[in-house]
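# Examining the three-dimensional arrangement
Okay, here's what each chain looks like letter by letter:
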Amino acid sequence: MRKPLVAGNWKMNGSLESVRELLEGLKSGIDAVSNAEVAVCPPYVFVPEVQKLLDGSAISWGGQDLSVEVSGAYTGEIAASMLSDFGCKYVIVGHSERRSYHGESDELVAKKFAAARAGGLVPILCVGETLEEREQGITEDVCARQLDAVIDLVGVDGLACGVIAYEPVWAIGTGKTATPEQAQDVHAFIRGRIAEKSAEVAEGMRILYGGSMKPGNAKELIGKPDIDGGLIGGASLVAEDFLGICTAAN
Ligand code: PGA
């Protein structure tokens, strides 16, 4: 049985004050949603504060990105060990905003996945097609290519330490959610692709949906057989909305 995971991706949002307020709201509401695993991924600078406020709670935390390097002269970069030092459990890799705005290739994302794994973090690997790619009918090809780059580097057993998030780029921050059927089709495809290498890994792999997930659509999405939770952007910045999604996943 796969335990659902609801992870908040705060992106580049918040202030020290708003982070404190949001976490107080989450902590006071989280007891009711104990069957789902819950995590938040703040911007790096807020991680120590998040650790201070969430330590001992039911909520985990993680980074939004990491370096492929272990340490050294890489200005602006953050290593897996640094995230671990501050209690991070998860790290997002290959978010479409990193792929498109920072030119991250499938190969680089695969190396980040490997670096996270080597550093004892659980990578949340994002895959997904743009609107243009969906209209061209190549959604499965794109997801397969992004997934295979990681399997080629770390093997299917290496993939097993992570979580996958299917995030159709056209649904991110747009208010346009994939229908539960559209999402389920791609999730089933991804699981099938993994099963070609290992049925066991495929069965245990958590595949989250991301893209305008809200309390109002979460239950139907997460209710699908191959959707094991969500990676939440906008709605993770409002305690009531994020908790609503956690409740739906419960
Ligand atoms: P959204 O973002 O929920 O605001 O669409 C999801 C994501 O980018 O992870």
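Every value quoted in this text rests on a predicted model; they were computed, and no experiment measured them.

### Re the nonpolar core
Counting 68 residues, the largest nonpolar core has Val40, Leu159, Ile190 and Ile194 as its most contacted members. For Ile190, the contacting residues outside a window of four places in its chain are Val127, Cys143, Leu147, Ile164, Tyr166 and Ile207.

### A few points about the UniProt feature "active site" (unreviewed entry) in the protein chain
UniProt tags His95 and Glu167 as "active site" (unreviewed entry). On the basis of their most widely separated C-alpha atoms, the annotated residues across 73 residues gather in one place, lying no more than 8.4 Å apart. Considered against the largest pocket, the annotated residues that line it turn out to be His95. When you line up the elements, His95 lands in the loop between strand E4 (90–93) and helix H4 (96–101). Residue His95 is classed as buried on the basis of its relative accessible area, which comes to 4%. Setting aside its immediate chain neighbours within four residues, His95 contacts Asn9, Lys11, Cys126, Glu167 and Ile172. Mapped onto the secondary structure, Glu167 falls in the loop between strand E6 (163–166) and helix H8 (180–195). Those residues in contact with Glu167 that lie beyond four places of it in its chain are His95, Cys126, Val127, Gly128, Glu129, Ile172, Gly210, Gly211 and Leu231. A distance of 3.2 Å separates the side chain of Glu167 from the side chain of His95, its partner in a polar contact.

### What to know about the site of the ligand
Close to the ligand lie 13 residues; Lys11, His95, Glu167, Gly173 and Ser212 are nearest. Interatomic distance of 2.6 Å between a side-chain N/O atom of Glu167 and an oxygen atom of the ligand. With respect to the ligand, the backbone of Gly234 contributes an N or O atom lying 2.8 Å from an oxygen atom. Starting from 280 Å² of accessible surface for the ligand in isolation, the protein chains cover 95%. Considering only residue class, the shell around the ligand consists of four nonpolar, seven polar and two charged.

### As for helix H5 (residues 106–118)
In this model, H5 (13 residues) spans 18 Å end to end at C-alpha, consistent with the 18 Å of a helix rising 1.5 Å per residue. Along H5, the residues that are buried comprise Asp106, Val109, Ala110, Lys112, Phe113, Ala115 and Ala116. Close packing links the buried residues of H5 with helix H3 (80–85), E4, H4, strand E5 (122–127) and helix H7 (139–159). Positioned one or two residues after H5, Gly120 has a phi angle of 80°, which is positive.

### As for the state of the cysteines
Summed over the entire model, instances satisfying the criterion amount to zero disulfides. This cysteine, Cys143, is not joined by any disulfide, and Cys126 carries the nearest cysteine sulfur, 11 Å off. Note on Cys143: relative accessible area 1%, which makes it buried.

### Quick look at the layout of surface pockets
The calculated volume of the largest pocket comes to roughly 400 Å³. Around the largest pocket, the lining comprises 14 residues; the ones closest to its centre are Lys11, Met12, Gln64, Arg98 and His102. Grouping the amino acids of the lining of the largest pocket by side-chain chemistry returns six nonpolar, four polar and four charged. In this structure, the second largest pocket spans a volume of roughly 330 Å³. As for the second largest pocket, its lining consists of 23 residues, and the residues nearest its centre are Ser96, Arg99, Ser100, Thr130 and Val169. Listing elements by their share of the lining of the second largest pocket, those giving two or more residues are H4, E5 and H7. With five residues, the top contributor of residues to the lining of the second largest pocket is H4. A per-class count over the lining of the second largest pocket returns six nonpolar, eight polar and nine charged.

Reading the values: the criteria
- Residues numbered from 1 in each chain as written.
- Predicted model: local features only at pLDDT ≥ 70, side-chain atom pairs only at ≥ 80, totals over all residues.
- Heavy atoms only, no water.
- Core = buried A, V, L, I, M, F, W, Y, C linked by side-chain atoms within 4.5 Å.
- Buried < 20%, exposed > 50% of the residue type's maximum accessible area, 1.4 Å probe, protein only.
- Contact = heavy atoms within 4.5 Å.
- UniProt positions renumbered as here; feature names shortened; annotations may be inferred.
- 1 Å grid on protein atoms, 1.4 Å probe; cavity = no way out; pocket = protein on both sides within 12 Å on 5 of 7 lines; lining within 4 Å.
- Helix = DSSP H or I, 4+ residues; strand = E, 2+ residues; numbered from the N terminus.
- Polar contact = N/O pair within 3.5 Å; in protein donor to acceptor, adjacent residues only side chain to side chain.
- Near = heavy atom within 4 Å.
- Areas by Shrake-Rupley, 256 points an atom, 1.4 Å probe, with all protein chains shown as cover.
- Nonpolar A, V, L, I, M, F, W, Y, C, P; charged D, E, K, R; others polar.
- Expected span 1.5 Å × (residues − 1).
- Disulfide = S-S within 2.5 Å.
- Points joined across faces, edges and corners; volume = space filled by probe spheres on them.

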